[in-house]
Structures are given as structure tokens and as C-alpha cells.
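# A structural walkthrough
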Amino acid sequence: MTEPFKPASLDAWHKAAAKSAPGGDVDALNWLTPDGITVKPLYTAADTADLPYANTLPGFEPYLRGPQATMYAVRPWTIRQYAGFSTAEESNAFYRKALAAGGQGVSVAFDLATHRGYDSDHPRVTGDVGKAGVAIDSVEDMKILFDQIPLDKVSVSMTMNGAVLPVLAGYVVAAEEQGVSQDKLSGTIQNDILKEFMVRNTYIYPPEPSMRIIGDIIEYTAQHMPKFNSISISGYHMQEAGANQALELAFTLADGKEYVKTAIAKGMDVDAFAGRLSFFWAVGMNFYLEIAKMRAARLLWCRIMKGFDAKSPKSLMLRTHSQTSGWSLTEQDPYNNVVRTTIEAMAAVFGGTQSLHTNSFDEAIALPTEFSSRIARNTQLIIQEETHITNVVDPWAGSYMMEKLTQDMADAAWTIIEEVQAMGGMTKAVDSGWAKLKIEAAAAEKQARIDSGKDVIVGVNKYKLAKEDPIETLSIDNVRVREGQIARLQKIKATRDTAKVQAALDALTACAESETHGSAASGEGNLLDLSIKAMRLRATVGEVSDALEKVFGRHRADTQKVTGVYAAAYDDGETGGDTMEYWNALKADIAEFADTQGRRPRVMISKLGQDGHDRGAKVVATAFADLGYDVDMGPLFQTPEECARQAIENDVHAVGVSTLAAGHKTLVPAIIAELKKQGADDIIVFVGGVIPRQDYDFLYEAGVKGIYGPGTPIPASAKDVLAQIKKAIG
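Once a new chain begins, its residue numbering starts again from 1 and follows that chain's sequence as written. Where totals are concerned, whole chains, interfaces and linings use all residues; where local detail is concerned, this predicted model gives features only for residues with pLDDT of at least 70, and gives and counts side-chain atom pairs only at 80 or more. Each side-chain value is worked out from all heavy atoms of the structure, with water and hydrogens disregarded.

### What to know about helix H18 (residues 478-495)
Within an α-helix, residues lying three or four positions from one another point in the same direction, as the helix has 3.6 residues per turn. As a reminder of what qualifies: Secondary structure elements are taken from DSSP: a helix is a run of H or I of four residues or more, a strand is a run of E of two residues or more, and numbering for both begins at the N terminus. Helix span, expected: 1.5 Å multiplied by one less than the number of residues in the helix. Burial classes: relative accessible area under 20% of the type maximum marks a residue as buried, over 50% as exposed, and values in between as partly exposed (1.4 Å probe, protein chains only). By construction, the arc corresponds to the directions joining the helix axis to the C-beta atoms. Contact criterion: two residues are considered in contact whenever any of their non-hydrogen atoms come within 4.5 Å of each other.
The end-to-end C-alpha distance of H18 is 26 Å, a good match for the 26 Å that 18 residues give at a rise of 1.5 Å each. Of the residues making up H18, those classed as buried are Asn478, Val481, Arg482, Gln485, Leu489 and Ile492. Along the long axis of H18, the arc covered by the buried residues comes to 95°, so they all point the same way. Structural note: H18 exposes Glu483, Gln490, Lys491, Ala494 and Thr495 on the side pointing more than 90 degrees away from its buried face. Of the surrounding secondary structure, the elements contacted by the buried residues of H18 are helix H4 (139-145) and helix H26 (664-677).

### Examining the packing of helix H7 (residues 207-224) against helix H9 (residues 245-265)
For clarity, the cut-off: Where helices are involved, their axes are fitted lines through C-alpha atoms of the stretch in contact, as for all axes, and angles between N-to-C directions lie from 0 to 180°. Any angle from 65 to 115 degrees is called roughly perpendicular, while one under 35 is roughly parallel, one over 145 is roughly antiparallel, and all others are oblique. Handedness of a crossing follows from how the near helix is turned relative to the far one, being left-handed for an anticlockwise turn of less than a right angle and right-handed for a clockwise one.
Closest axis-to-axis distance for the H7/H9 pair is 9 Å, and the angle between their directions is 70°. In terms of orientation, H7 and H9 fall into the roughly perpendicular class. Here H7 runs over H9; the crossing is right-handed. On H9, the residues that touch Met211, Ile214, Gly215 and Ile218 of H7 are Glu258, Tyr259, Thr262 and Ala263.

### A look at the pattern of salt bridges
Let me state the cut-off plainly: A pairing counts as a salt bridge when a side-chain nitrogen of Lys or Arg comes within 4 Å of a carboxyl oxygen of Asp or Glu.
Applying the stated criterion across every chain yields a total of 42 salt bridges. Taking the shortest distance from any N to any O, the salt bridge between Glu89 and Arg488 comes out at 2.6 Å. Of the two residues, Glu89 is situated in helix H2 (residues 88-100) and Arg488 in helix H18; the sequence distance between them amounts to 399 residues. Overall, the relative accessible area of 38% leaves Glu89 in the partly exposed class.

### Concerning H9
Condition: In protein, a polar contact means a hydrogen-donor-capable atom and an acceptor-capable atom, both N or O and within 3.5 Å, with residues adjacent in sequence counting only if both atoms are side-chain atoms; elsewhere, any N or O pair within 3.5 Å suffices.
For H9, which comprises 21 residues, the first-to-last C-alpha distance of 30 Å matches the rise-based estimate of 30 Å (1.5 Å per residue) to within 8%. Here H9 lies mainly inside the structure; 18 of its 21 residues are buried. Between the side-chain oxygen of the N-cap and the backbone nitrogen of Ala246 there are 3.3 Å, and the N-cap of H9 in question is Asn244. Count one or two residues on from H9 and you reach Gly267, which has phi positive near 95°.

### Quick look at unusual backbone geometry
Look at the link from Glu61 to Pro62: it is a cis peptide, with omega at 5°. Tracing the sequence through the fold places Pro62 in the loop between strand S2 (38-39) and strand S3 (78-83). A positive phi is found at Met71, a non-glycine position, where the angle reads about 45°. Topologically, Met71 is positioned in the loop between S2 and S3. Even without glycine at this site, Arg538 takes up a positive phi of about 80°. By the element assignment, Arg538 lies in the loop between helix H20 (527-536) and helix H21 (541-552).

Right, here's the structure in full:
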């Protein structure tokens, strides 16, 4: 008979490990995550002995191991492809092809003009129509978007927050005219405005009236659309903007708590609506942390909902959509992105997502092509169909490391949630700017770690290719798309009953003016109900938005930036010799310029058009300031004319345009022309962001002096900008 196995003691392991650990210190092998969590190289039963939730089961409180008892063993997650291709016709063709090839739901990306509540003929959106998503101006566009897609069978997810009322209303009316009643519609509207004020910035109205809109949507859908998720509370954009996993988790759950409070304040019973709330996570390259985050999220949401005295299991369980990271994708050696997306998709699945979008490998370069989208979709199909991962519910359960990391993540997030509550809740934390600055500080720290080489990005700051091969990218003819949308708008306005449309819009304005608005049942009006009535009559997205803007106004964000965070990564004594020498030499060059010229080099970092993704702009502004530049931040959503005027008034040497939404071929030449028109062509223009290599020559010919794509170390771009400024002033 075999002798019983006698395990070695933990002390014995420590002695063995010390022989190969740096300096004989086993603690040197620990990893301190950006969230402040210590991840050890070894976990044992002792790490989980006191955990209260380590032995729970899926489908039961607190749902740590999954909201459903059988999870993927019975029904795998829904495969979604988030996409919008300039026109409703092109997008419809993509959706139908994706559904035929194994997609299981439609996820709509709208262009920035639609997000911000502008019709395509508005003068502020000339460079944005059809870029980074589909242009939707009316019900007629919606009908084309979903043509031959049975809306009683296919669930539809719509990423829409600012113009949420006319867009959701247009979808409802398009379904009605397809013969599908509201009670049969399934899917999700994002409707998460608080995170817009923190990171994504596709808001329209200020926070308070925006929260009122959310309450009306939750109320209306609970009454009329029982299969439809009234809100998708999104952490995705927070992580994309720089938040670490604990910040993303805490702020997202705190947002959810605020939305629940808003609905209850309208007199709704928590169990009447909470079962239709859903969440949306980013899944990046920190594999273990992402799995732990998703498990911890379910644990904490159950705790939060019990605090609202929710009774229904559906109110207590967190359901989520996930999307692989777009920020982790690289322009350099882009086929590496297929591997990154696969790893992130695996983390999402191991974390227990209910639906998933996998990003295309070329999204750091341009809008995804049909070829790259097929690879992204097949990544999910292979995981579902070939790996047998779906046969086991929560395969990480019982892992000493994962159970401890889940609890550590929950504790770290809960500490932040308590800090938010001490401020009076998430609306106040957002309104003060505190939450946004927390995320921006995390983003600056992360970028500095990459630029200084502490964090490795394969193909970018290590194992770089000597020569990058070009890849095929998708290009959108923005002018053609806009002209087509304007023609359709003109036709709609010429054939509708103008008086009835105006009366419906006036009713919306009157409802917005009512401080004591109540439920639709009370007769005082519900903003979504009235928006549906207006869209039926062929009011446009812009007109519905304007009817509310008359009362609510349009939000203008304060422009703030963090300082010192980027430099701290270089000044902590851990940065390598050559990198530190480069940093110090550059600071000395900038100081010498200031001595010679009598002032420091001055740059203005700007966002043109309706692109509100400002992570890159804020990080660049922080890093340039830490190097010694004077840095001005232009407000979001500037026109080229407004940008040129501010640059001249501030007497800057250079304007840096941050672009992520494919509008660079329209907006960048416009700012150069405007500077020349206003007599300031000595101000140089440089560009950073998602710009295909094949567009570089076009931009250089237009007068751009420097182009810095994804992965460019900020000190390298700062050095080049300084050289260009010196050249310009002679």
C-alpha cells in the first residue's frame, strides 16, 4: 500500500524559493497591482480559510460564482459584434451577415453627431457624420438599420447616452412599423450618463436633468418593455480612459447605486425594475485581476441591492456584457492584437460574462474591416465550440489565488465606494470633478510606466519590428455620407405634418419644464413616451434633443488636468539609466529654450469635432507639463475656427490635435487653414491618435509638422515638437 503523501511545510517552500528570489527575498516576487493589491507567487489553503464566500454555489446568493446555476453548460454567452458603418444601409448589411455567420445579437455603434444630439446637417458636425459609427437622424434611418432583422427574435444593444430619448424612441417606432410590439423587444440601451461626465463625454444635458431622463426611461420600460434592459451601467469606458480594475469596479457599482436611488425616488418599487438593470465591463490584459473583478462585482452588487431591501433574486444578481479592451490594441505589429483579444475574451468568459464583444485587431489603426471583424467573431466561436471551456461552471472556483484575489478586489472597491458615499454619492463625486481626476491620474501613471519601459508592451517598447508592413484599413467618405443624410432629412421634412411635429416637440419642452413631472400614468408626462410620439410623426434626433435643450441647456465641462503623476514614474529611482538620461536631457533642453526665448514652449492640446475621448489628450497634456512645457487645454467639441481663435489669443507655439474618431482628414486641414486665415500660420500643428499610416502623407501635405500614432513614447513626441517649434521661430 502506498504511503500517505506528506506535503512540505510553507517554511520549506520559502527556503527553497529564497535560493532563486532576487537578493534571497521571497517578498520581492510579489506584484503590487495598480489597484494597490498584493499578488503573491504562491497561495495556499491558509489564504482562503477565513473567506466568507469561498464555498458558495452559482445561481445562489451572493452570486459570486455566476448569476445562473448552470451558466454556459446549458447556454453560452451571447456573441455580439459592436459595429456601425457610416450609413444605415451598410450597417444593416454587416449585421445580417454577422447574424448569418454565428452572431447572436446586434450591437449598434452610432456616430458622434448622433451621440451628441445633432442632425447630420448641423454645422458643428461636418467632420463627424458617419465616422466611428452609423449616422441616425430619424425613424427612416432606424427602419433601414433593422431591415429584415426580426426585432421580436434578435436582441439589440445600443450604446447611446446623450441622445438616448430620440434614439430609443426611434428604435421602438421602427419595431412597431415592422409589426413588433414594445413588449416583445429585447436588448439593452446603455443609458449610463454618469460615466459620460467622467470619461467618454458624449453627454448633452447637465447631470441633474440627465438623471431625470434616466428615471423616465427606467419607469417607461418597466411598464411597457418587460424584456428590455433599461440601462447598462458601464465601467468599460472608465478602464479605456485609464482606470485600474478596482476604480472601474467601484465607480461602476456606485453609478448603479445612484440610478437605483433615482428610480426609487420616482416612487417605483425596487423589484419592479432592478431585474432589468445590466452592467458592462472592459476586459484588459491583467488576466487574473479581470476574472477577480467580475466575480467581485456580483458579490458587491448583491450587497448593495440588499441595502435597498430588494427581495427578488433577479434584483440581487448582476448580469453583464463585456468587451475586450480597445486601448490594449497596438498600431505596431498589429497581428499581436489577435492574441491579446483572445486572452481578454478568455478572461471575460472565466469571469462569467453574459454577452461579449471581441475587438478587431486593426482598431488601433482605423475602423475595423469585414476581414478583421470576422476574425474577432470567430475568436468567440472557437472558444464556445472547440475548447469545452463552457462545460464547467466557474472553473476558477476553489483556487486559493482566485478566491483570495476576488475578496481583495471586493475590499479595494468597497473602500472606494465608501469614499464616494461620504461625498454624498456618485452624482456629487462626478459633478465635483474628483472622479474624473482619479481616472486621469491612473491613466497618466500607466502611460508613464509604458514609456519608461517598466510595463512591457510586445512590439511597442520591447521586441519591436525593424519594419512595419502596411495592412488594409477601412476608409469612410465622410462628405458622401453627410450629403446622403442631408438629402434624406430634407425629404422627411418635406413630407411630414409640420404642425403635428411641432406640437409634439412643444409637449416635450413643456414636460421638461415641469418640475413636478410624474409617471405617464399620472398624466403629467414621461419624456420617453413623449419622444416616441414625436418620432412617430417623423421628428428628428436633433429636433427632439433641441426641444429638451431649450429647458435643460447643454453641458459645458470644466477642463482640468493632473500634474506630477507622469513625472513620478521617472523620478521614483526605478527607471533605467538610458531612459532616465533621455528624460533629464529633454527637461534640460526645454529649460534652455525658456532661458533663451524668455518664456517656456507653449502648446495647446485640442479635441476637434464631437470626439469626447480625451484620455490621450489629458495624458499628453500632463506629460508635457511635467517636462516643462506651458500647456493649455482646449475645451471639448471645438470647431477649427474656435480652436484657432483660442490658440492665437493664448499666444501658443503649437497646437496638438488628439483624434480617435477618424475625422482627421476633415478637421486637421481645417484648423491649419483657419490659423493661416487668421494670420497665425507660424503656429505649428501636430497630431496624435488613431491615424492610418496611409493618411500620413495627406496630413503632411496639408501642413502638419508631426504625427504621433498609438505607442509613440510621449517624451519622443515632446522632443520632436520642441525641435519643430525651434525651427518655426528660427
